[in-house]
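# Notes for the structure review
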Amino acid sequence: MKAQARAGIDLIGPTLRYAEVEQYGLRYRLLRLGSCEFDFDLADHLLQAESPVHVPMVVDALTSVFEGSRADTLHITLHPPYCHSFFIPLPEALPWAVREERMRAEASALTGQPAHELRIEAQVIATEWREEELSWHHVLVLPDHIYRRFRQMARRLPQRSVRLHLSMQSAASAVQGLERMDPGPSERPFTLAVGWYDQHVEYVLTREGRWRFSLFAPGASPTNGAYFALMLLRRVGAPVAQVGRLFAYGQHVEPAVLRPLEQVLRLPCTRLNPLKVVDLDPESLDASFDAEAYVSCLGGAL
């Protein structure tokens, strides 16, 4: 059985988290995991600055942590609001070129930028029947010059190409990996994962292990966090009674911020630990290790 290695990074605040996994069949082996701290906001610098002066420093750090990497692609996880994303249903019968044209038109309308100046990464997440078979696509949108910046950075790395991931997409991959090991009750097929960060909150809904929908809320309080969770469920027509699991991930995941969610969903909230997906002795990490902070970077490499 041929093994395939994948590397992922996550940019949030001054911290760059990185991971590399090797997949063989349905199993994953962790090759490397860690973080680098900088004295500037990484996402702000790399995604918004016109002429970022610290790119060589970031590349040097990546070159060091990925020395000897077996992966040929670097999966870069981006958080809202540093990128745009949307979900769109398109007829399954349409050729991919036509679908891409429609997605580009939607991306242009969303960002107010010409379609040719945008980079899109599309993924089919579900299909349904509405008079015809429709495929639901998730589309991540980034200015093309920012994508070219990342591609230029990768030229010095063992991974010569880059792929973009939304943080909620990466979290959904981590949930999928966990639910492949433990599917849960069929009568409650939905799982909600909530990501807490300093500037925003992310919401990820999966059904039977597959990503169904997501949204984010800037600077939401714990009470508002519960409101947005209910709004997400209503938007996709998922009754609260059909949510079987509630996960939390991100930064500073404290019990106080989780209580309103537990009350409205009538579920205990569990920290989302992506390390359970990989072959790793749990005794090899310190008990204080914040595994839930690595969901976006490790999930992006799965």
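Residues numbered from 1 in each chain as written. Predicted model: local features only at pLDDT ≥ 70, side-chain atom pairs only at ≥ 80, totals over all residues. Heavy atoms only, no water.

Time to look at the environment of Pro 143. Tracing the backbone through its elements, the reader meets Pro 143 in strand β7 (residues 133-143). The spacing of Pro 143 and Arg 212 is 69 residues in sequence and 25 Å in space, taken between C-alpha atoms. (Helix = DSSP H or I, 4+ residues; strand = E, 2+ residues; numbered from the N terminus.)

Among all positions in helix α2 (residues 55-65), only Val 55, Val 58, Val 59, Ala 61, Leu 62 and Val 65 are buried. The arc that holds every buried residue of α2, seen down its axis, measures 160 degrees, which confines them to one face. Buried positions along α2 lie against β1 (4-12), β2 (15-24), β3 (27-37), α1 (42-48) and α4 (144-154). (Buried < 20%, exposed > 50% of the residue type's maximum accessible area, 1.4 Å probe, protein only. Arc of directions from axis to C-beta. Contact = heavy atoms within 4.5 Å.)

Under the defined criterion, the tally for this structure stands at 13 salt bridges. With a closest N to O distance of 3.1 Å, Asp 279 and Arg 27 form a salt bridge. Highlighted residues: Asp 279 in strand β14 (residues 278-279) and Arg 27 in strand β3, separated in sequence by 252 residues. On the basis of relative accessible area, Arg 27 is assigned to the partly exposed category, the value being 48%. Across the pair Arg 119 and Glu 121 runs a salt bridge, and its minimum N-O distance is 3.3 Å. (Salt bridge = Lys/Arg side-chain N within 4 Å of Asp/Glu carboxyl O.)

With that out of the way, let us pick up the environment of Phe 40. When you line up the elements, Phe 40 lands in the loop between β3 and α1. Sequence separation between Phe 40 and Thr 15 is 25 residues; the distance between their C-alpha atoms is 8.9 Å. Not counting residues within four places of it along the chain, the set of residues in contact with Phe 40 comprises Gly 13, Pro 14, His 45, His 54, Met 57 and Val 58.

Backbone torsion omega between Pro 80 and Pro 81 reads 5 degrees, so that peptide bond is classified as cis. Along the chain, the position of Pro 81 falls in the loop between β4 (73-78) and β5 (84-91). At Arg 266, a residue that is not glycine, the phi angle is positive and equals roughly 55 degrees. Considering the arrangement of structural elements, one finds Arg 266 in the loop between α7 (255-265) and β13 (269-271). Of the residues examined, Arg 266 reaches a relative accessible area of 62% and is grouped as exposed.

Estimates place the volume of the largest pocket at around 520 Å³. Gln 123, Gln 169, Ser 173, Gln 176 and Leu 302 are, among the 26 residues lining the largest pocket, the residues nearest its centre. Sorting the residues of the lining of the largest pocket by element identifies β6 (118-129), β7, β8 (161-166), α5 (167-181), β11 (210-218) and α8 (295-301) as the ones contributing at least two each. Ranked by residues supplied to the lining of the largest pocket, first place goes to α5 with seven residues. Each residue belonging to the lining of the largest pocket can be placed in one class, and the counts come to nine nonpolar, twelve polar and five charged. Secondary structure elements with two or more residues in the lining of the second largest pocket: β5, β11 and α6 (222-236). Of the residues that constitute the lining of the second largest pocket, the class distribution is twelve nonpolar, three polar and three charged. (1 Å grid on protein atoms, 1.4 Å probe; cavity = no way out; pocket = protein on both sides within 12 Å on 5 of 7 lines; lining within 4 Å. Points joined across faces, edges and corners; volume = space filled by probe spheres on them. Nonpolar A, V, L, I, M, F, W, Y, C, P; charged D, E, K, R; others polar.)

For the rest of this paragraph, the subject is the environment of Ala 293. Note on placement: Ala 293 falls in the loop between β14 and α8. Spatially, the C-alpha atoms of Ala 293 and His 252 are 8.5 Å apart, while their sequence positions differ by 41 residues. Apart from the residues lying within four places of it in its own chain, the contact partners of Ala 293 are Asp 10, Arg 17 and Gly 250.

Before going further, it helps to examine α5. The end-to-end C-alpha separation of α5 is 22 Å, in line with the 21 Å expected for 15 residues at 1.5 Å each. Taking burial as the measure, the 15 residues of α5 include eleven buried ones, the bulk of the element. Listed in full, the buried residues belonging to α5 are Ser 167, Met 168, Gln 169, Ser 170, Ala 171, Ala 172, Ala 174, Val 175, Gly 177, Leu 178 and Glu 179. (Expected span 1.5 Å × (residues − 1).)

Each strand in a sheet pairs with another by means of backbone hydrogen bonds, the pair being arranged parallel or else antiparallel. Pairing is antiparallel in the open sheet, where three strands are placed in the order β5-β7-β6. Single-partner strands in this sheet number two, and they are β5 and β6. The average angle at which neighbouring strand axes cross in this sheet is 25 degrees, direction not considered. With eleven bridges connecting them, β6 and β7 associate as antiparallel partners. Residue Ala 122 lies in a different strand from β7, and its bridge partner there is Val 139. Across the face of the sheet, α4 comes into contact with β6 and β7 while running at roughly 75 degrees to β7. (Pairing = 2+ DSSP bridges. Axes fitted to C-alpha atoms, helices over the stretch in contact; angles between N-to-C directions.)

Read these as layout, nothing more, since geometry by itself doesn't imply function.
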